[in-house]
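Fold and contact review
Letter by letter, the chains look like this.
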Amino acid sequence: MTSAPTADHSSELDSRTAWKRLAAALALSTIGGVGLWSSVVILPAIQAEFGVDRGGASLPYTATLIGFAVGGILMGRMADRFGIVRPILLGAVMLALGYIATAMANAYWQFIVAQALLIGMLGSSTTFGPLVADVSHWFLKRRGIAVAIVASGNYLSGALWPPVLQEAIEMVGWRQAHIGVGLFCLITMVPLAFLLRRKPDLDAMDNASRNSASALPMPLSPRKLQAVLVLAGVACCVAMSMPQVHMVAYCVDLGYGPGRGAEMLSIMLALGVVSRLVSGLIADRIGGIGTLILGSTLQCIALLFYLPFDGLVSLYMIAALFGLAQGGIVPSYALIVREYFPAREAGSRISLVLMATVAGMALGGWMSGEIYDLTGSYEAAFLNGIGWNLLNMLIAFWLLASRFRPKPLPA
């Protein structure tokens, strides 16, 4: 009785059906990722609207990241229990309500609460970790590139939404623009969600994984291994956040101006998309652990280059190298989770690790600013990032070494 669904789903792995689902997931990730970027675009308008300083106007972004991290874990568990459609539908409705609520906010605290809870926690969070986990169920031979593609949605969102939203703000004002964004999310995400309504046969997926070369022996208890992966996620993104968050300010300190820093950041993120896709192809050959080692090592080298070189041309070149290095790191965690843990736990476990990377970005951005305030330069902040990067590399090499440990003989 159970062999038929197993065979059916196994035949659909890496199939045309799987690629169609991937296309829908990428669209959902790109649309739903607006929640991570809108607060950045609207920062000057919020500062003027509510009469707050620059630090206060930056608070909605921090609140959104916190909500996004918490919500990703909750939505991942919902996806494990009910499938991906319910979290996505919830996210679509909450994004619509969130943007309408922010547009109607009369007090600054109302804006922040709506941004953090509705847009970050219950809205955009549904379109990252849970979608990555769902896509991983439909691919085996091409899982690396599939996960990389859907994980690129938040980068694409960062490239597409800011200019669109800025144009809308200039035409109709930020409140009307927010209402438009909310309605757009609702009317586009709901039909896309129903394209994913078919649930994967998770038992068949586990059987296929166990019979493939990607299945790995568990080096620790599941809880301890999960904690190690969470630590690795935090560590790599504390390091990653240093150039991404502070590049503009760093260029201002060096006398190059904010425009140069913005250009370097744009190059970094654009090449991050390229890196993410190429790393996905590489991961299909060497696995998630090998891809993590490669990306983390290259990222550490790029950070080291920031110490002796601060010329304008050098900084452009280092920004390009950094972008090419860091793009594949985050998706590799999803692959590692799928190599160790059963498919039924993928939503919650992948979301937990990916949300740890978000927490690492938030922590690293804050730490670098505090270190700069204490030392008066970014040199110590770069060293701090390198230290966290080395911790990530240590974990990655330990995972690699554990693959070659002799298995215990049966009793």
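For the structure itself, look to the data block above.
Predicted, not measured: the structure shown is a model, and the values here were computed from it.

The computed volume of the largest pocket comes to approximately 1900 Å³. Lining the largest pocket we find 47 residues, and of these Trp37, Val40, Tyr61, Gln244 and Val245 sit closest to its centre. If you list the elements that add at least two residues to the lining of the largest pocket, you get α3 (38-41), α4 (43-50), α5 (54-82), α10 (153-172), α13 (222-253), α14 (258-305) and α17 (346-375). The residue makeup of the lining of the largest pocket, split by class, is 32 nonpolar, 11 polar and 4 charged.

Right, let's get into the nonpolar core. Ranked by size, the top nonpolar core spans 104 residues in total, and within it Leu131, Val132, Met189, Leu229, Tyr306 and Ile350 carry the most contacts. Ranked by the residues each element gives to this core, the list is headed by α13, at 12 residues. Apart from residues no more than four positions distant in its own chain, methionine 189 is found in contact with Leu28, Ile31, Gly32, Ile88, Gly91, Ala92, Leu95 and Thr127.

All told, the structure shown has 12 aromatic pairs when counted by the stated rule. Ring centres 4.8 Å apart and planes at 10° place the aromatic pair tyrosine 306 and phenylalanine 382 in the stacked group. One end of the pair, tyrosine 306, is in the loop between α14 and α15 (312-326); the other, phenylalanine 382, is in helix α18 (residues 379-402), with 76 residues separating them in the sequence. Summarising the burial analysis for this pair, tyrosine 306 and phenylalanine 382 share the class buried.

Our next topic: unusual backbone geometry. One non-glycine residue with positive phi stands out, namely aspartate 14, at about 60°. Considering the arrangement of structural elements, one finds aspartate 14 in the loop between α1 (3-12) and α2 (16-32).

Moving on, we get to empty space enclosed by the protein. Any empty space left between atoms is shown by rolling a water-sized probe over those atoms. Summed over the entire model, instances satisfying the criterion amount to 2 cavities of 30 Å³ or more. Roughly 40 Å³ of volume is contained in the largest cavity. Lining the largest cavity, in full, are Ser29, Gly33, Leu36, Phe68, Ser124, Thr127, Phe128 and Asn154. Of the residues contributing to the lining of the largest cavity, the split by class is 3 nonpolar, 5 polar and no charged. In terms of lining, the second largest cavity is formed by Gly144, Ala148, Arg276, Ser279, Gly280, Ala283, Thr291, Gly328, Pro331, Ser332 and Leu335. Among the elements of the structure, α9 (143-151), α14 and α16 (329-340) are those that each provide at least two residues to the lining of the second largest cavity. Sort the elements by how many residues they give to the lining of the second largest cavity and α14 lands first, with 5 residues. Grouping the amino acids of the lining of the second largest cavity by side-chain chemistry returns 4 nonpolar, 6 polar and 1 charged.

Conventions used here
Residues numbered from 1 in each chain as written. Predicted model: local features only at pLDDT ≥ 70, side-chain atom pairs only at ≥ 80, totals over all residues. Heavy atoms only, no water. 1 Å grid on protein atoms, 1.4 Å probe; cavity = no way out; pocket = protein on both sides within 12 Å on 5 of 7 lines; lining within 4 Å. Points joined across faces, edges and corners; volume = space filled by probe spheres on them. Helix = DSSP H or I, 4+ residues; strand = E, 2+ residues; numbered from the N terminus. Nonpolar A, V, L, I, M, F, W, Y, C, P; charged D, E, K, R; others polar. Core = buried A, V, L, I, M, F, W, Y, C linked by side-chain atoms within 4.5 Å. Buried < 20%, exposed > 50% of the residue type's maximum accessible area, 1.4 Å probe, protein only. Contact = heavy atoms within 4.5 Å. Phe/Tyr/Trp six-rings, centres within 6.5 Å; stacked < 30°, edge-to-face > 60°.

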